[in-house]
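# Examining the three-dimensional arrangement
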Amino acid sequence: MLRLIQIAALLLCVCIAPTFAQAQMGLPSGTSSVPDTQVTLPDNLTVETANALISRLSDAEVRAILLDQLEAKAVRKPDEDSNVSDFFYHATAGAFSSITVAIERLPLLFTQQAKAFSTFYNDRLGGFGGLLKLLGYMALVYGSGIIAELFFRRLTQNWRILPPADPDNMQLRETIQLLVQRLTTQVVAVLIFVGVSRAVGLTILPEDIMPIVAIVGLYLIGFPRFMLAIGFFLFAPMNPEYRLLNVDTKSARSACFHQFWIAFMLGFSGAIIAFNELHGVPMGETRLGFWLNLSLHIYLIVVLWRYRSSMQSMMRGFDPDVSVMENRIARAYPYFAIFVVFAVWWVINIVVSYENFELLRSQPHYKTMMLLMFAPAMDTMIRGLVRHFAPPMTGEGAVAERAHASAKRSYVRIGRVVVFGLVIISIAGFWGMSPENVASAGVGPQLAAKLMEFLIIMSIGYLIYEVVSLYINRKLAAEQTASGFDPESQEIGGDGGGAGGSRLSTVLPLILAVCQATIVVVFLLLGLSNVGVDTTPLLAGAGIVGLAIGFGAQKLVTDVVSGIFFLVDDAFRTGEYVEVEGTMGTVEKISIRSMQLRHHKGPVHTIPYGEIPKITNFSRDWVIMKLRFTVPFDSDPNKVKKIFKKIGQDLLAVEEFKDDFLAPFKSQGVLEIDDVGMVIRGKFMCKPGTQFMIRKEIFNRVNAAFASNGIEFARREVRVALPSMDNGDLTEEDKAAISAAATQAAQDTTPGGAGDQR
């Protein structure tokens, strides 16, 4: 607020200065009253110095300062085209020139490095005696740290040594707990060594050699040991049963060995650069960092190439269920890591071509490289954590198994998105890409920052996409499992009406599609808007297109609205057998505007909702099946009734059918008497879709029971009186009469089967 007041005061002075000067001094407009003495701003301008400066300056001097600052700001305003071309220059020729400069300054490197050592040896230490004194101080300081660390290690010996374990009976939670326990003791031991050494050094060391001892203890001893502790946590070289990554023991030990020496090289780079700056050799003068970076990157590439098969095994993990894409990623991972090493090395050369050595002081390139190399390996750990900590399968059957496998894949994808977002945020922090400094940066940093912000927004959107999909799919699977409905079954609906899914399982796929489309559109627009794309024309164009569709596709609107009301009325569900104006089939799929019916013989009918005047649902709640049996006139109906009742009671005890009956099979008595015999009808009530198997079993049992009780099924007979049969011969007229009588009997026979659902 104070700075705003100061700026307002300056602007006010600019506005009133000419008028005030004319009134007081009688100068005409346009006559300069600026004194010849030029006023300069102090180097370290603070609020106090600004107030003091404003208080002692005249209005004309304030105006002159403001004009100078505005002109300087206008001159420094970058031209965007030249800035872009400048960025591409530094990314190509500039980076290459930084390499040639390092080669040209190679002789200077040796002379300046010798100068730094000479300054240290002669000026700081005072010769050989001072060197011996330094070594004695270092032995005393580091010896104190070692003693304190050994004392701590003796106290925590049981924590550092992993007990023998059976890998087949080890739980991941127990494994991680013991590994974290050991890692904590190792890290604390290193911190105790560094802390005690520093405390002793501050007490006994002279002020001039304290920085040297601190550099050696922190960069060359503390940091490599810390990275070695991380390696022991990941690879467990001495304890294969505790190993988190899928590598053999030889590769695990080699990984820890190389990790220690890579950390030592990193620490040496930081130590020698700090040492040189303490002794009058700036960071960019000799380009020593170029050769240190080059040696480190070459070492990394050699290690990655040599152990590429072990790295591929590490990426595949312990889970045998590895998809084709995951297998391809595992095979490409070593080459990806090599590319990352080279790319980071080239980025360093780009930064050096800008001569922005201050940016490299915190070593963001090393942090970025290590993070990118280890980020894909985190995928293995994510899959391992999901395999051990994912919720157990709910329910039984194929639907529950597919839902459980799909949920595990969703958890893995969510973990990958989280890791990806953290990696992007971390890299942006390494390189200082905060909103405050991006605004004043060049095109290169701005593009990189905008790209990272876009990736972060897309990561958040995809994370929400996966979480919503996971929740809805789990809810859908639970509904389908509870109802016993399998949408991928080959016999949905049987041959005339199976029980479908629940109402929620019918609506959830539509809700999922709408939510996914909404998330994609919203976050895509947010990402484009963040990178500078004006989304207003896109929204306006979408509105115009929607209006055009509204006028030109009224039938589509009718279908959508009709479908909404059908779903609200719960007229049908997925898997139910329905009839629409003579078209029958199982509801196989529903969309926003239509439904698909699968006939029990195979054809699929697609019917828009707007063309459905009436729906007949054969699969809702229950089904009554009525069966007709024709027996001779002399049969005992009561005996048949007892037989039906016994069959109904027996079927209730059959494991396959007992849960499907809502009312047992029983006799309804004599329905009618025709010219063949007595028609006796039986019926049963059951769940939709099970009636046909039950009917088949009832036919078999009735046939067997009638045979064992001496009851025969009545057969239609046609009797023709032929006077000529007295002679024993059939004439042509007799044959014609028999044929006509048989034809008439066939025509009089009522078509249809032995059972109906009416």
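Check the entry above for the structure.
This section reports on the structure supplied with the text. (Residues numbered from 1 in each chain as written. Predicted model: local features only at pLDDT ≥ 70, side-chain atom pairs only at ≥ 80, totals over all residues. Heavy atoms only, no water.)

## Some thoughts on the overall build of the protein
- Scanning the protein from N- to C-terminus turns up 23 helices and nine strands.
- Counting every position in the protein, which comprises 758 residues, the buried fraction comes to 36%.
- For the protein, contacts bridging at least 24 residues in sequence account for 73% of all contacts bridging at least 6. (Helix = DSSP H or I, 4+ residues; strand = E, 2+ residues; numbered from the N terminus. Buried < 20%, exposed > 50% of the residue type's maximum accessible area, 1.4 Å probe, protein only. Contact = heavy atoms within 4.5 Å.)

## Concerning the environment of Ser594
- By the element assignment, Ser594 lies in strand S3 (residues 594–598).
- Given a relative accessible area of 9%, Ser594 falls into the buried group.
- Each C-alpha atom of the pair Ser594 and Gly563 lies 7.3 Å from the other, and the pair is 31 residues apart in sequence.
- Each residue touching Ser594, except ones within four places of it in the same chain, is listed here: Thr606, Ile607, Pro608 and Tyr609.

## Concerning the pairing of S3
- Here strand S2 (residues 583–590) runs beside S3; their pairing, made up of four bridges, is antiparallel. The partner of Thr586 across the bridge, within S3, is Arg598.
- Counted between consecutive antiparallel strands, the loop separating S2 from S3 contains three residues.
- In this structure, S3 lies alongside strand S4 (residues 604–608), joined through five bridges in antiparallel fashion. Residue pairing in the sheet places Leu597 in a bridge with His605 of S4.
- Between S3 and S4, which pair antiparallel and follow one another directly, the connecting turn spans five residues, one of which, Gly602, has a positive phi of 120°. (Pairing = 2+ DSSP bridges.)

## Comments concerning the environment of Asn638
- Inspection of the secondary structure assignment puts Asn638 in helix H21 (residues 637–652).
- A residue is classified by how much of its surface remains accessible, and Asn638, at 51% relative accessible area, is exposed.
- Taking C-alpha positions, Asn638 is 8.3 Å from Gly669, a pair spaced 31 residues apart along the chain.

## Observations concerning the environment of Ala199
- With respect to the helices and strands, the residue Ala199 is situated in helix H8 (residues 172–204).
- Given a relative accessible area of 42%, Ala199 falls into the partly exposed group.
- Along the sequence, Ala199 and Gly145 sit 54 residues apart, while their C-alpha atoms lie 9.2 Å from each other.

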